[in-house]
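Structural overview for review
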Amino acid sequence: MIATPTMPLEAATPAHICPFDQACSYLEAAAKELRLDQGVLEILSHPRKVVTVSIPVKLDNGEIRVLAGHRVQHSDILGPYKGGIRYHPAVTLREVSALAMLMTWKCALLGIPYGGAKGGIAIAPENYSVGELERITRRYTSELIKDIGPSVDIPAPDMGTSAREMAWMMDTYSVNMGHAVPGVVTGKPLSVGGSLGREKATGRGTMIIVREALADQGRTLAGIRVVIQGFGNVGGAAAELLYEAGAKIIAVSTATGGVYAADGLDIPALKAYAAENHHNLLNFPHTRAISNAELLTLPCDVLIPAALENQITAENVDQVQAQIIAEAANGPITLEANRVLEARGVTVLPDILANAGGVVVSYLEWVQGLSYLFWDEERVNREMEHLMVQAYRQVIQQSQMRQVPLRLAAYTLGVGRVAQALSDRGLYP
């Protein structure tokens, strides 16, 4: 096992499933398949920079609270760091470190000139007012001012953040620089240099990868039974696009539970219902309530975990009945569960491929911002689809050539490209 990086990482999760250890395990497997030099593996297993900052904030009631904010920059071998900012109570330095590493392989796999990064604050956004969130975001940005920038590290939205937070980050950075710098973040509102197509990009990318996997089995999206855990930005967009393509979405859920309809859900109506009921799906007409645990075990053609990591584990994997699992979330399947699924012949479309649509369109937004030349949505979607399909085909070819599962094939491509760039650049000094 790769040694833990020399940084103050927290203990593993209560379930003893450590996302950083899992990320390192996948890296080790790819390195073994690629026969990488041990020194190269050692370099790739450690983040280049770990930043933890204190964020003092005055709440609306006058109370002063000090929060901890993290930013982990894993690798800039291929280009500037890239990765989201997450606001969630479960944020830890280990989780952020794991996600930063995954971003490195994801960008390399898609052929995007970025390295991996990730950031976050362990807060529940719903417990703070808009004004408090703005003050938290702006102070967090100011603390990271020397560590981010359009050619250094480009944050983006993630769980618990949105275009609103990116606008605050962009404005804070720009004010400190003395001029507008739209390229410092992606996922911004259109009014300040955002890109058309960004809002649904991750869900659209997942839909494309599912479509391609079905095509390889001689099937189409029409009529397939889909179950989606998560009905937010990613899961909601995937549900909408799959529904429009003719798929039958039989169950979806949020953190508070989900709904099931054997004949399929009316997704536009369900999205409107959720918007009117504070994202609560329960009591939607002609459905029955379902727990997140039950949802994962429903018989279906395609299961899309689009919420948190570690949802399919050794405890419930034997009950999972899906034929295809597309990881729209990061790390929703644990290492042990992944081995069981692969042994059963379940097609697992790995996260570094299946949820890469977001970073692809973030890259396209960054390109548009640097050139100050913006595209219509049709072009953005076309460019994104080209990169997603190209990456999928390369993973399939790699899997067939090496006779390995899709996850290992994807990792060998991503890790291999970073390792090659490291070799070509050399080691300084």
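The structure under discussion appears in the preceding block.
A brief look at the structure comes next. Quantities reported herein were computed from a predicted structural model and do not represent experimental measurements.

**Concerning the overall build of the protein chain**
- Within the protein chain one finds 14 helices and 12 strands.
- Whereas a compact globule of 429 residues would reach a radius of gyration of roughly 22 Å, the protein chain reaches 21 Å, a difference of no more than 12%.
- Over its C-alpha atoms, taken along the principal directions, the protein chain stretches across nearly 55 × 55 × 45 Å.
- Taking all 429 residues of the protein chain together, 57% fall into the buried category.
- With 36 positive and 43 negative side-chain charges, the protein chain shows a separation of 3 Å between the mean positions of the two kinds.

**What to know about the sheet that holds strand β12 (residues 347-349)**
- Spatially, the seven strands line up as an open sheet ordered β9-β8-β7-β6-β10-β11-β12, and their pairing is mixed. Of all the strands in the sheet, just β9 (288-290) and β12 have a single pairing partner and so form its edges. Adjacent strand axes in the sheet meet at a mean angle of 20°, parallel and antiparallel pairs treated alike.
- Sheet topology places strand β10 (residues 302-305) next to strand β11 (residues 324-326); two bridges connect them, and they run parallel. Note that in β11 the partner of Leu303 across the bridge is Ile325.

**Brief notes about the sheet that holds strand β5 (residues 153-157)**
- The five strands are arranged β1-β2-β4-β3-β5 in an open sheet whose pairing can be described as mixed. This sheet does not close on itself; its edge strands, each paired only once, are β1 (49-58) and β5. Averaged over all neighbouring strand pairs, the angle between strand axes comes to 20°, with direction disregarded.
- Strand contacts of helix α5 (residues 163-177): β3 (81-87) and β5, with the helix running at about 150° to β5, the strand carrying the most contacts.

**Let's talk about the nonpolar core**
- In terms of nonpolar packing, the biggest core is built from 89 residues, with Trp105 and Leu349 touching the most fellow members.
- When residues no more than four places from it in sequence are discounted, the contact partners of Leu349 are Ile209, Val210, Ala213, Ile324, Ile325, Ala326, Glu327, Ala354, Tyr392 and Leu406.
- Membership of the second largest hydrophobic core comes to 25 residues, among which are Val57, Leu67, Ile85 and Tyr140.

**Observations concerning the pattern of salt bridges**
- On inspection of all chains with the given rule, the structure shows 28 salt bridges.
- In this structure, Glu33 and Arg402 form a salt bridge, with 3.2 Å as the shortest nitrogen-oxygen distance. With Glu33 in helix α1 (residues 19-34) and Arg402 in helix α13 (residues 377-402), this residue pair connects regions lying 369 residues apart in the sequence.
- For Arg393, the salt bridge goes to Glu212, with nearest N and O atoms at 2.9 Å. Of this pair, Arg393 sits in helix α13 while Glu212 sits in helix α6 (residues 201-216); the two residues are 181 residues apart in sequence, bridging distant segments of the chain.
- Of the residues examined, Glu212 reaches a relative accessible area of 11% and is grouped as buried.
- Salt bridges here are not isolated pairs; linked through shared partners, they connect Arg86, Glu95, Lys118, Asp158 and Glu309.

**A look at helix α4 (residues 130-143)**
- Taking 1.5 Å per residue, 14 residues should reach 20 Å; α4 reaches 20 Å between its end C-alpha atoms and fits that length.
- Every buried residue belonging to α4 is among Glu132, Leu133, Ile136, Thr137, Tyr140 and Thr141, and all of these are buried. The buried residues of α4 occupy an angular sector of 165° when projected down its axis, which confines them to one face.
- Next to the buried residues of α4 lie β1, β2 (64-73), β3, β4 (115-121) and α5.

**Quick word on the pairing of β5**
- Across the five residues of β5, four count as buried, placing the element largely inside the fold.
- As judged from the five bridges shared by β3 and β5, these two strands associate in the parallel manner. From the neighbouring strand, Gly83 faces β5, where its bridge partner is Pro155.

**Considerations on the packing of aromatic side chains**
- Inspection of every chain in the model, using the stated rule, returns five aromatic pairs.
- Their ring planes at 40° and their centres at 5.4 Å tell us that Tyr26 and Tyr411 sit as a pair that is tilted. One end of the pair, Tyr26, is in helix α1; the other, Tyr411, is in helix α14 (residues 406-425), and 385 residues separate them in sequence. Per residue, the accessibility class of Tyr26 equals that of Tyr411, and both read buried.

**Some remarks on the side chain of Asn355**
- With respect to the element layout, Asn355 can be found in the loop between α11 (351-354) and α12 (357-371).
- A polar contact of 3.2 Å, which involves the side chain of Asn355, links it to the backbone oxygen of Ala329.
- For Asn355, the contacting residues outside a window of four places in its chain are Lys106, Thr202, Thr206, Glu327, Ala328, Ala329 and Asn330.

**Re the packing of α1 against α14**
- The interhelical angle for the contact between α1 and α14, taken along N-to-C directions, is 75°, at an axis separation of 9 Å. With respect to each other, α1 and α14 are oriented roughly perpendicular. Of α14, the residues touching α1 (which contributes Tyr26, Leu27, Ala29, Ala30, Glu33 and Leu34) are Arg407, Leu408, Tyr411, Thr412, Val415 and Gly416.
- Per-class residue counts for the contact of α1 with α14 are eight nonpolar, two polar and two charged.

**Overview of the side chain of Asn310**
- Residue placement: Asn310 occurs in the loop between β10 and β11.
- What Asn310 contacts, discounting residues up to four positions off in sequence, is Ile17, Gln22, Gly331, Pro332 and Thr334.

Cut-offs applied
- Residues numbered from 1 in each chain as written.
- Predicted model: local features only at pLDDT ≥ 70, side-chain atom pairs only at ≥ 80, totals over all residues.
- Heavy atoms only, no water.
- Helix = DSSP H or I, 4+ residues; strand = E, 2+ residues; numbered from the N terminus.
- Rg over C-alpha atoms; globule rule 2.2 N^0.38 Å.
- Buried < 20%, exposed > 50% of the residue type's maximum accessible area, 1.4 Å probe, protein only.
- Lys, Arg positive; Asp, Glu negative; His and termini not counted.
- Charge placed at Lys NZ, Arg CZ, Asp CG, Glu CD.
- Pairing = 2+ DSSP bridges.
- Axes fitted to C-alpha atoms, helices over the stretch in contact; angles between N-to-C directions.
- Contact = heavy atoms within 4.5 Å.
- Core = buried A, V, L, I, M, F, W, Y, C linked by side-chain atoms within 4.5 Å.
- Salt bridge = Lys/Arg side-chain N within 4 Å of Asp/Glu carboxyl O.
- Expected span 1.5 Å × (residues − 1).
- Arc of directions from axis to C-beta.
- Phe/Tyr/Trp six-rings, centres within 6.5 Å; stacked < 30°, edge-to-face > 60°.
- Polar contact = N/O pair within 3.5 Å; in protein donor to acceptor, adjacent residues only side chain to side chain.
- Parallel < 35°, antiparallel > 145°, perpendicular 65-115°, else oblique.
- Nonpolar A, V, L, I, M, F, W, Y, C, P; charged D, E, K, R; others polar.

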